Amino acid sequence: MTDNIELRIADRPAHFTLHWDSAQWDSPDDVTQAAFPLVAHLAGKRYELYSDGTFAEVEK
């Protein structure tokens, strides 16, 4: 199962696909390592995306 999300980084949109079975993300956009961790909100939960291509649910 996957979800697609859009986050804004330096006022530009960046698109990510979250792969729930592996807790990994991928993106067609060039995202610099300095931008991480990124925060995404989905279905009332907060997630952090990490520069190593993984993500995790975190408490608010």
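For the structure, check the block above.
Participant: Sorry if this is basic, but what is going on with the pairing of strand β4 (residues 38–42) here?
Facilitator: In regular strands, side chains alternate between the two faces of the sheet. Relative to strand β5 (residues 45–49), β4 runs antiparallel, the two sharing five bridges. In the strand pairing of β5, H41 is matched with R46. Hairpin geometry of β4 and β5 is characterised by an intervening segment of two residues between the two adjacent antiparallel strands and by a positive phi of about 55° at A43.

Participant: Just checking my understanding: could you explain the nonpolar core for this structure?
Facilitator: As a rule of thumb, soluble globular proteins bury nonpolar side chains together. With 14 residues, the main nonpolar core has L7, F16, W25, V31, L38 and L49 as its most contacted residues. Within the residue set of this core, elements represented by two or more residues are β1 (2–9), β2 (12–19), β4 and β5. If we ignore the near neighbours within four places in the chain, the residues touching L7 are R12, P13, A14, F16, L38, V39, A40 and L49.

Participant: Quick question: what am I supposed to make of the environment of F36 here?
Facilitator: Tracing the backbone through its elements, the reader meets F36 in the loop between β3 (24–26) and β4. Accessibility expressed as a relative area gives 14% for F36, which makes it buried. With 20 residues separating them along the chain, F36 and A56 place their C-alpha atoms 13 Å apart. If sequence neighbours within four positions are ignored, F36 has contacts with W25, V31, L49, Y50 and S51.

Rules used in this analysis
Residues numbered from 1 in each chain as written. Predicted model: local features only at pLDDT ≥ 70, side-chain atom pairs only at ≥ 80, totals over all residues. Heavy atoms only, no water. Pairing = 2+ DSSP bridges. Helix = DSSP H or I, 4+ residues; strand = E, 2+ residues; numbered from the N terminus. Core = buried A, V, L, I, M, F, W, Y, C linked by side-chain atoms within 4.5 Å. Buried < 20%, exposed > 50% of the residue type's maximum accessible area, 1.4 Å probe, protein only. Contact = heavy atoms within 4.5 Å.

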